Amino acid sequence: MQHRYFDPEIETASPEDLRRLQDERLVETVRRVYRDVPYYKKKMDEAGVSPEDIHGVKDLHLLPFLSKEDLRQQYPDGLLARPLSECVRIHSTSGTTGRRVVAYYTQNDLDMWEGCCARALTAAGATPDDVVQVCYGYGLFTGGAGLHGGSHKLGSLTLPMSSGNTDRQIQFMTDLGATVLCCTPSYAAYLAETICERGIRDQIKLKAGIFGAEAWTEEMRHDIEDKLGIKAYDIYGLTEISGPGVAFECEEQHGMHINEDNFIAEIIDPATGEVLPDGQKGELVFTSITKEAFPLIRYRTKDICILSREKCSCGRTFVRMTKPLGRSDDMLIVKGVNVFPSQIETVLLNNGYPANYQIIVSREKHSDKIEVQVEMTSEMFSDSLKEVTARERALVADLKGMLGIKCDVRLVAPKSIQRSEGKAKRVIDKRNLYEG
Ligand code: DLL
C-alpha cells in the first residue's frame, strides 16, 4: 500500500527509528521555546530544568506541565514562538470562560495539520477519486478547516458544507455523489436517521465516515454504519494541539493512531502528575515537536484514555489511544461546543440567582439538549408572572451569549434542589457517552 498520505517510512517506522526522530525534534523544540518564548523560559527556570538537560524523550518528564490555565493567562499571544508576521491563521476553542484559547499557525503548521487529516482520510480509504463532504463547522472551530484542508491535500473533491441545513446536506450528498462524510457522530446519526426515514438510502454513495470532536459509543458506531451502509472511523484532536487528526482510526477500528512524528503522547496520573506506563488509564498529555507558531510542551488535555503499543494489523507502528474514556475536569461537550459548569454559574450569579442549580444534559433524536434548573430567591418567588418571564428571558439570552448554544431554563422554588453533604453534583449527564 503506497499512497501520498500513507508514508511507510514514517508510519510503519521501527520503534527505534521513531524514537530517534522524536528525540531530535524534541531537543530542537525545547531549545527553541526556551530561547524564543519568555513564558517557557520562566516555567523551565522555576522548575530548575534547562534545555541542556533534555537529550530526548526519556527526559521529557523533567519538563513542567502546561495547562489550559497557562494558555488563558497568556491570552492572546503570550506563547507565540514566531513573529505574528509569519502566522497566517488562528483558530480558537469554543465556549471557555472569559478568555478563549487562541491557537496560531504558520503555513508550515497548516501543512503539517492538514497532512495529519489527509492521513486520517487515507486510513479511512479515501483517495483523489473520492468526494468528501465536510459538515463540521467552519470558522474558529478546527473541524471544518482541518478536514477540508486534508481532503484538498489528498486531492479529493471537497464539499465545504459546514454544519446544519440538513435538507441541503442530503441534496448535495445525493446529487454530487459524496463518498466520505465528515461530521460529528451525533450529526451523522441524525443524517442517517433522516435518510432512512425518507427511504433514500439507495440514492447515496457514501462508503466511509470520519466522526469525532465528541464522545460516541460503539453502539452508535454500529447504528450509523448499519443505517448508512458505511464504515465509521473515529478521529481525535484538540484546538490547542492543532485540531482534528492528532489521532485517527485505521481499518482495524480499534483505537486511534497518534501522529507520533508530530506529537509525543504521555499518560499521567491526573492527581499526582506521575507518568504511567502504556496500558494504564490516565490523563493524556501532548508535546508538539514540529509546530512553529504555537508549540506546546507537556500540555494536559484532561482527556482520560489508555495508550497501546500492541502491533496493529494495518502495519502502522504509531501508538494507539483508546477513545477518551472521560475527562479529568468537568468540561462537557454539548452540540459539539465545550461547556464548563463554571460558565453557567457565572451567568446565574450575574443575573442575581443563587448558586443552587443543576445542569441536565440529554440527547433526544441525536440532538443534545441542556437544561439549567435554578432556584429563585424568596424575593423573586413573590414577583409577578410578567417579572418572572422577563427575568427568565434575560437569563436564556445571557447563557446563549456566554456558551454560544441555547440552554433551556427552568426556574424552581427556593430550596427545592437537593443539597449535598459533600461535593455538589451540579451536572446530570443522561447521555452516558463514555464507555469503559
Ligand atoms: O473537537 C477538534 C476536532 C474536530 C476533533 C473534529 C475531531 C473532529 P476542540 O473543540 O478543541 O477540538 O475540543 C477538543 O474534544 O479534548 C476531547 O475532549 C473532545 N474530543 C475530540 N475528539 C474526540 C473524539 C476538536 N473522537 C476536545 N472522541 C478534546 C471523544 C473527543 N472526544
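None of the values given here were measured: they were computed from a predicted structure.

*Asks:* Is there a simple way to think about the state of the cysteines in this case?
*Replies:* When the sulfur atoms of two cysteines share a covalent bond, that bond is a disulfide. Under the counting rule described, the total for this entry stands at 0 disulfides. There is no disulfide at Cys182, and the cysteine sulfur nearest it, in Cys135, is 7.6 Å away. A relative accessible area of 0% means that Cys182 is categorised as buried. Considering cysteine sulfurs only, Cys312 is the nearest to Cys314, which forms no disulfide, with 3.6 Å between them. Residue Cys314 is classed as buried on the basis of its relative accessible area of 9%.

*Asks:* So what exactly am I meant to see when it comes to the pattern of salt bridges here?
*Replies:* Between side chains of opposite charge, a pair can form as their charged atoms come close. What the rule picks out here adds up to 38 salt bridges. For the salt bridge of Asp234 with Lys323, the shortest nitrogen-to-oxygen distance reads 2.9 Å. One end of the pair, Asp234, is in strand β7 (residues 231–238); the other, Lys323, is in the loop between β15 (320–321) and β16 (326–327), with 89 residues separating them in the sequence. Among the residues examined, Asp234 registers a relative accessible area of 4% and is labelled buried. With relative accessibility at 13%, the residue Lys323 sits in the buried group. A salt bridge links Arg431 to Asp368; the shortest N-O distance between them is 3.1 Å. Separated by 63 residues along the polypeptide, Arg431 in the segment after β22 (427–429) and Asp368 in strand β20 (residues 367–375) bring together distant segments of the chain. Accessibility classification places Arg431 together with Asp368 in one group, the buried group.

*Asks:* How do you make sense of the domain arrangement of the protein chain when you look at a structure like this?
*Replies:* Size of an interface, as often reported, equals the accessible area lost when the parts are brought together. Split by domain assignment, the protein chain resolves into domain 1 (1–327) and domain 2 (332–434). Using only C-alpha atoms to locate each centre, domain 1 and domain 2 end up separated by 32 Å. Counting the surface lost from both domain 1 and domain 2, the interface buries some 1600 Å², and carbon and sulfur atoms represent 52% of this. Counting every contact that joins domain 1 to domain 2 gives 3 salt bridges. Salt-bridge contacts for Glu193 lead to Lys365; the nearest nitrogen and oxygen are separated by 3.6 Å.

*Asks:* Please clarify how the environment of Glu310 should be interpreted in this entry.
*Replies:* Mapping Glu310 onto the fold places it in the loop between β14 (307–308) and β15. Note on Glu310: relative accessible area 61%, which makes it exposed. For the pair Glu310 and Asp278, spaced 32 residues apart in the sequence, the C-alpha separation amounts to 9.8 Å.

*Asks:* Looking at this structure, how should I read the pairing of strand β4 (residues 157–160)?
*Replies:* The side chains of a regular strand alternate, first on one face of the sheet and then on the other. With 4 bridges joining them, strand β3 (residues 131–134) and β4 adopt parallel strand pairing. Note on β4: the bridge partner recorded for Val132 is Thr158.

What counts, and where the lines are drawn
- Residues numbered from 1 in each chain as written.
- Predicted model: local features only at pLDDT ≥ 70, side-chain atom pairs only at ≥ 80, totals over all residues.
- Heavy atoms only, no water.
- Disulfide = S-S within 2.5 Å.
- Buried < 20%, exposed > 50% of the residue type's maximum accessible area, 1.4 Å probe, protein only.
- Salt bridge = Lys/Arg side-chain N within 4 Å of Asp/Glu carboxyl O.
- Helix = DSSP H or I, 4+ residues; strand = E, 2+ residues; numbered from the N terminus.
- Domains from an automatic or database assignment.
- Buried area = accessible area lost by both parts, 1.4 Å probe.
- Pairing = 2+ DSSP bridges.

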